[in-house]
Amino acid sequence: MFILDIVSSLLLIAGVFFGLSGAIGLFKFPDFFTRVHAASVTDSIAAILIIGGLLLQTSFDLNTAKLFFILLFLMLTSPTASHALAKSARHGGLLTLAETNKDKQEQTH
Amino acid sequence: MAEFIDLVLLAMLALTALRVIFLKDLFAVVMLFGIYSFLSALIFVNLDAVDVAFTEASVGAGISTVLMLVTLALTGRTEKENKRSTVLPLLVVTVTGAALIYGTLDMPPFGDPNNPIHQHVAPRYIEESPKEVGLPNMVTSVLASYRGFDTLGETVVVFSAAIGVIALLGVRRREDLAAEESGFLTHHVLRVVAKMLIPLIILFALYVQFHGDFGPGGGFQAGVIAAAAFILYALVFGLPQAFSVVGAKFLQLMASFGVLLYASVGLYSMFKGGQFLDYSKLAADPVAGQHYGIIIIELGVGITVFAVMLSIFYAFGSQVERSNVK
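So, on to the overall build of chain A. The secondary structure content of chain A amounts to four helices and zero strands. Secondary structure elements in chain A, listed N-terminal to C-terminal, are α-α-α-α. For chain A, the C-alpha radius of gyration of 19 Å lies well beyond 13 Å, the compact-globule estimate for 109 residues. By its C-alpha atoms, chain A is 65 × 25 × 15 Å across when sized along the principal axes. In chain A, which comprises 109 residues, the proportion classed as buried is 25%. Across chain A, the fraction of contacts at a sequence separation of at least 24, relative to all contacts at a separation of at least 6, is 61%. Working note: accessible area of chain A is about 7300 Å², and carbon and sulfur atoms make up 74% of it. A distance of 6 Å separates the average location of the 7 positive side-chain charges in chain A from that of its 7 negative side-chain charges.

The structure is reproduced here in structure tokens:
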């Protein structure tokens, strides 16, 4: 049980790290697409690591099954949500920072 | 620890509310409303009120966000500039707020076990409901049996909401079905994932519906979750496709059927010699009668809520498509 506790705390700490870095990225990154990338880190890997850590804390009963299903659901939905967000932004004509800068340069020259 | 979490959540709730007031972009406001509902759901979980939290999360953060977004698609996403003076409204709000705070001074101390609310009906429910109704989830016993009449009223309110929306926006007609394809035709990822998720969501809705006697859940949540599955289908595959799965006319029948099912349980118990909605008379054994009654009326609630939510979405969605075609 001791080893399981260590593994689970490692997973939890890693999850918190990725969650925090995603939040910082969401504020610091320059344009929409990099921000979506940062937010999707929180959505996907952080949530997966945290739920994985919690899975090891259960006593392998009904709660384990419930957490497992939540994990499965998150693994399906959060990357899809990020993908849909980025794709509809692209579809709506939003440019990345690099493209915007290029456009500006071309206009000034 | 629980108090600390409560404080953090309440602070976030206040911040969200302030943002909602000052933002002019209504799309962001709708998103913030979703966050607001989700935060209150977390507070309810922290207060051990999981049934309420479930309702708040599925109705407040889930379906009403979608319905408000469809409304925004009709009305436009920026708020109108208000040029009138703000002095009088501020005065009214201040006076009302002060009166409310003055009113709360007379309230019994917060969380005191000797408060009237903890002395009157709550102990009666806690002590007698295992014997009288015999359901593990006491919230369902109170909601569906002791307060069955109130819940019938709530179901009728939901039903009349659908009547209002349909009367205002109208139902999509047959000839509109040939309208241009909507939905995200190029979104292959969305289509694949939606196909995988929709059966699971409907399965979960059925679980919530019929497990409501034993765990958190019941007709209201289940109806909303099932409606969410169909709304997802309509969003990804387009309204015409969704109409061929469940038509608007059929939904109207379903909505009235749910209310009628609920009320007819009440009438049947009167016919059996009890009072209106007295489930004990439904079977020879009063406790078994209570179980039958609660299962049937929860089903009625679920059917009505599902049909109403989906009808409202259909009404708004067809209106949006119609305005897009013009």
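It is worth spelling out the nonpolar core at this point. Residues and elements named next belong to chain B. One finds L251, Y279, F306, F313 and Y314 to be the most contacted residues of the largest nonpolar core, which totals 59 residues. Breaking this core down by element, the ones donating at least two residues are helix 3 (50-75), helix 8 (148-169), helix 9 (188-210), helix 10 (219-237), helix 11 (239-245), helix 12 (248-271) and helix 13 (286-325). The element that contributes the greatest number of residues to this core is helix 13, accounting for 16 residues. Leaving out residues up to four positions away in the same chain, Y314 has contacts with L239, A242, F243, V246, G247, A248 and L251.

Turning our eyes to something else, we now look at the interface of chain A and chain B. Residue-level contacts link seven residues of chain A with seven residues of chain B. Buried surface at the junction of chain A and chain B, summed over both partners, amounts to about 740 Å²; 82% is from carbon and sulfur atoms. When the buried area of chain A at its contact with chain B is split by residue, L76, T80 and K87 of chain A rank highest and sum to 54% of it. The interface formed by chain A and chain B holds zero salt bridges in total. One can count zero residue pairs in polar contact (both at pLDDT 80 or more) joining chain A with chain B. Looking at the side of chain A that touches chain B residue by residue, the classes come out as three nonpolar, three polar and one charged.

All names here are of chain B. Using the criterion set out here, one finds eleven aromatic pairs over all chains in the structure. Between F230 and F306, the ring centres sit 5.2 Å apart and the planes meet at 65 degrees, which makes this aromatic pair edge-to-face. Separated by 76 residues along the polypeptide, F230 in helix 10 and F306 in helix 13 bring together distant segments of the chain. For the pair formed by F230 and F306, the shared burial category is buried. Here the aromatic residues F54, F204 and Y207 are joined through ring pairs into a cluster of three or more.

Here helix 12 of chain B spans 34 Å end to end across 24 residues, near enough to the 34 Å set by a 1.5 Å rise per residue. Where helix 12 of chain B ends, the next residue or the one after it, G273 of chain B, has phi of about 105 degrees, a positive value.

Another point: the side chain of S82 of chain A. As for its position among the elements, S82 of chain A is in helix 3 (residues 62-91). Contacts of S82 of chain A, omitting those with residues within four sequence positions, involve V36, S40 and D43 of chain A.

Residue and element names in this part refer to chain B. Entries for chain B in the domain assignment read domain 1 (1-84) and domain 2 (137-326). Put simply, the middle of domain 1 and the middle of domain 2, counted by C-alpha atoms, are 23 Å apart. Contacts between the two partners involve 13 residues from domain 1 and, on the opposite side, 21 residues from domain 2. Where domain 1 abuts domain 2, roughly 1400 Å² becomes buried across the two surfaces, and 84% of that area is made up of carbon and sulfur atoms. When the buried area of domain 1 at its contact with domain 2 is split by residue, D51, F54 and I63 rank highest and sum to 40% of it. Where domain 1 touches domain 2, the interface holds zero salt bridges. If you look at where domain 1 meets domain 2, you find three residue pairs in polar contact (both at pLDDT 80 or more). Here the residues of the side of domain 1 that touches domain 2 are counted per class, giving nine nonpolar, three polar and one charged.

A separate point is the packing of helix 1 (residues 2-22) of chain B against helix 2 (residues 26-46) of chain B. Residue and element names in this part refer to chain B. In the contact formed by helix 1 and helix 2, the axes pass within 9 Å of each other and the chain directions differ by 160 degrees. One finds that helix 1 runs roughly antiparallel with respect to helix 2. The handedness of the crossing between helix 1 and helix 2 comes out as left-handed. Contacts between helix 1 and helix 2 pair A2, I5, D6, L9, L10, M12, L13, T16, A17, R19 and V20 from the former with V29, L32, F33, I35, Y36, L39, S40, L42, I43 and N46 from the latter. Its residues assigned to classes, the contact of helix 1 with helix 2 comprises 16 nonpolar, three polar and two charged.

Okay, the pattern of salt bridges next. All names here are of chain B. Scanning the entire structure with this criterion turns up four salt bridges over all chains. For E132, the salt bridge identified is with R124, shortest N-O distance 3.2 Å. On the basis of relative accessible area, E132 is assigned to the partly exposed category, the value being 31%.

Before going further, it helps to spend a moment on the packing of helix 8 of chain B against helix 12 of chain B. Residue and element names in this part refer to chain B. At their nearest, the axes of helix 8 and helix 12 sit 10 Å apart, and the two run at 160 degrees to each other. Between helix 8 and helix 12, the crossing angle belongs to the class labelled roughly antiparallel. The two elements helix 8 and helix 12 cross, and the hand of that crossing is left-handed. Within the contact between the two elements, helix 8 uses G148, T151, L152, T155, V156, F159 and I166 and helix 12 uses Q252, A255, S256, V259, Y262 and A263. When the residues that make up the contact of helix 8 with helix 12 are grouped by side-chain class, the tally is eight nonpolar, five polar and no charged.

Calculation notes
Residues numbered from 1 in each chain as written. Chains lettered and ligands numbered in written order. Predicted model: local features only at pLDDT ≥ 70, side-chain atom pairs only at ≥ 80, totals over all residues. Heavy atoms only, no water. Helix = DSSP H or I, 4+ residues; strand = E, 2+ residues; numbered from the N terminus. Rg over C-alpha atoms; globule rule 2.2 N^0.38 Å. Buried < 20%, exposed > 50% of the residue type's maximum accessible area, 1.4 Å probe, protein only. Contact = heavy atoms within 4.5 Å. Areas by Shrake-Rupley, 256 points an atom, 1.4 Å probe, with all protein chains shown as cover. Lys, Arg positive; Asp, Glu negative; His and termini not counted. Charge placed at Lys NZ, Arg CZ, Asp CG, Glu CD. Core = buried A, V, L, I, M, F, W, Y, C linked by side-chain atoms within 4.5 Å. Buried area = accessible area lost by both parts, 1.4 Å probe. Salt bridge = Lys/Arg side-chain N within 4 Å of Asp/Glu carboxyl O. Polar contact = N/O pair within 3.5 Å; in protein donor to acceptor, adjacent residues only side chain to side chain. Nonpolar A, V, L, I, M, F, W, Y, C, P; charged D, E, K, R; others polar. Phe/Tyr/Trp six-rings, centres within 6.5 Å; stacked < 30°, edge-to-face > 60°. Expected span 1.5 Å × (residues − 1). Domains from an automatic or database assignment. Axes fitted to C-alpha atoms, helices over the stretch in contact; angles between N-to-C directions. Parallel < 35°, antiparallel > 145°, perpendicular 65-115°, else oblique. Left-handed = near helix turned anticlockwise from the far one by under 90°.

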